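Given next are the chains, with one letter for each unit.
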Amino acid sequence: MLAKAEIHCHIEGAAPPALVEAQARKYGADVSGIIRDGAYFWSDFTSFLAAYDLAASLFRTADDCALLAETYLASLAAEGAIYSEFFISIDHARGAGLDPADYVAGLAEGIGRARAACGIEARMIVVGLRHLGPEAVAATARWTAANRHGLVTGFGMAGDERAYHPRDFAAAFAIAREAGLGITVHAGELAGAESVRAALDHLRPARIGHGVRAIEDAALVGRIAAEGVVLEVCPASNIALKVFASYADHPLRRLDAAGCRVTLNSDDPPHFHTSLGNEYDIARTRFGYDEAALMRFTRTAIEAAFIDGETRARLLEKCAAAVIG
Ligand code: ADE
Ligand code: ZN
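In this report, we go over the structure that sits alongside the text. The residue numbering used here restarts from 1 in each chain and proceeds along that chain's sequence as written. The naming scheme follows written order: chains are lettered A onward, ligands numbered 1 onward. Restriction of local features to residues with pLDDT of at least 70 applies here, the model being predicted, together with a cutoff of 80 or more for giving and counting side-chain atom pairs; totals for whole chains, interfaces and linings are based on all residues. Note that the side-chain values use all heavy atoms of the structure and ignore hydrogens as well as water.

1. Let's talk about the coordination of the zinc ion (ligand 2)
Threshold: The donor set covers N, O and S atoms within 2.8 Å of the metal, switching to 3.2 Å for Na, K and Ca, and it leaves out water, so a site may look short of donors. To qualify as a helix, a DSSP run of H or I must reach at least 4 residues; to qualify as a strand, a run of E must reach at least 2; elements of each kind are numbered from the N terminus. Think of it in three bands: residues with accessible area under 20% of the maximum for their type are buried, residues over 50% are exposed, and the middle band is partly exposed, with areas taken using a 1.4 Å probe on protein chains only.
The protein atoms donating to the zinc ion (ligand 2) are His 8 (NE2), His 10 (NE2), His 186 (NE2) and Asp 267 (OD), with metal-donor distances spanning 2.1 to 2.3 Å. One chain supplies every donor for the zinc ion (ligand 2), spaced along it as H-x1-H-x175-H-x80-D. Linking His 186 in strand β7 (residues 182–187) with Asp 267 in the loop between β10 (261–264) and α12 (276–285), this pair joins segments that are 81 residues apart in sequence. Take His 186: its relative accessible area is 8%, and that puts it in the buried class.

Laid out in structure tokens, this is it:
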């Protein structure tokens, strides 16, 4: 099996519908408005976020979170993944009545279990939620900086990109950078090239979540390539959320050909009827990449990961072996 890695997946968005239904039974909650016939349903980005929020609200203890991380990582490892960096949201934890430190500890427990069972390595990135505004995102950055955990190695921002301007979040990202966290930010998904440019100018991320609408501006694509900014591309997510009408319209190949460093990611896999293995299949069947090219995506993800040098070297060695398992 081809060695795979992803650096853009939201842990609550990775909860399988069956697990969310089990959590709903446990807490006497009703999820019939977001899950039907064993699958999530929603109609647009706003209702997707609402479905995401309801599912997240059902992970209420550290044990619940350990099970969530373990379940996601075990399914990833079964598809050949050797590494995952996933987004966590202390705002969602608080919304579920869970202390953020217990949330992080529970997820870390799940990482440990999956590592022991399947050999998969993982790190966490705390994200602020853009639509909650600059003060909320700064508070999340302050909490992350003050509560350093060995497996939390990055800070980012997700949520509704149509809200606020990147400059409004400069102070939050300065706190995270000062704390030594790797920086990534969602941009160029719900908004266009100007949003990506503003994120680069004001937040100076090493990576951009999505970034695909940079394709609207050739000079910006050149800048991303020249500066080596890594794009966390999520093809199935982009099609499900109608960022592009079809894979034929999707700019993965054009960004790659222009010299941008691109990676493949599942984002919120069951919401978009995908998995990391499916993203690699899409890259092969829809975009025409061969195995050597797919391995390049894996290596780029490991090279761009927010990990120490020793872990990176070990994971790159696994890539050199090319096939695992
Ligand atoms: N949170 C979860 N999935 C997201 C996405 N695709 N864009 C922005 N925020 C998100
Ligand atoms: Zn995302």
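2. Some details on helix α7 (residues 170–178)
What counts here: This arc describes the spread of directions from the helix axis toward the C-beta atoms. Between two residues, a contact is recorded if the distance between any of their heavy atoms is within 4.5 Å.
All of the buried residues in α7 are Ala 172, Phe 173 and Ala 176. The buried residues of α7 occupy an angular sector of 90 degrees when projected down its axis, which confines them to one face. In α7, those exposed residues whose orientation departs by more than 90 degrees from the buried face are Ala 171 and Glu 178. Lining the buried residues of α7 we find α6 (134–146), β6 (152–158), β7 and α8 (193–203). The positive-phi residue at the C-terminal boundary of α7 is Gly 180, with phi of around 85 degrees.

3. Remarks on the packing of aromatic side chains
Geometrically, a pair of aromatic rings is defined through the distance of the ring centres and the angle of the planes. Formally: Between rings of Phe, Tyr and Trp, where Trp is taken as its six-membered ring, a pair exists when centres lie within 6.5 Å; planes separated by under 30 degrees are stacked, by over 60 edge-to-face, and by other angles tilted. Geometrically, a lysine NZ or arginine CZ counts as sitting over a ring once it is within 6 Å of the ring centre and also within 35 degrees of the ring normal.
Enumeration over the complete set of coordinates arrives at ten aromatic pairs. Where Trp 42 meets Phe 272, the ring centres are 5.9 Å apart and the plane angle is 90 degrees; that geometry is what we call edge-to-face. Linking Trp 42 in the loop between β3 (39–40) and α2 (45–56) with Phe 272 in the loop between β10 and α12, this pair joins segments that are 230 residues apart in sequence. For Phe 272, a relative accessible area of 4% puts it in the buried group. Judged by centre distance (4.8 Å) and plane angle (80 degrees), the rings of Tyr 289 and Phe 297 are edge-to-face. Ring-pair connections join several aromatic residues into one group, and the members of that group are Trp 42, Phe 45, Phe 48, Tyr 52 and Phe 272. Just above the ring of Tyr 289 sits the side chain of Arg 253; from NZ or CZ to the centre is 4.1 Å.

By themselves, these are just geometric observations and shouldn't be taken as functional.
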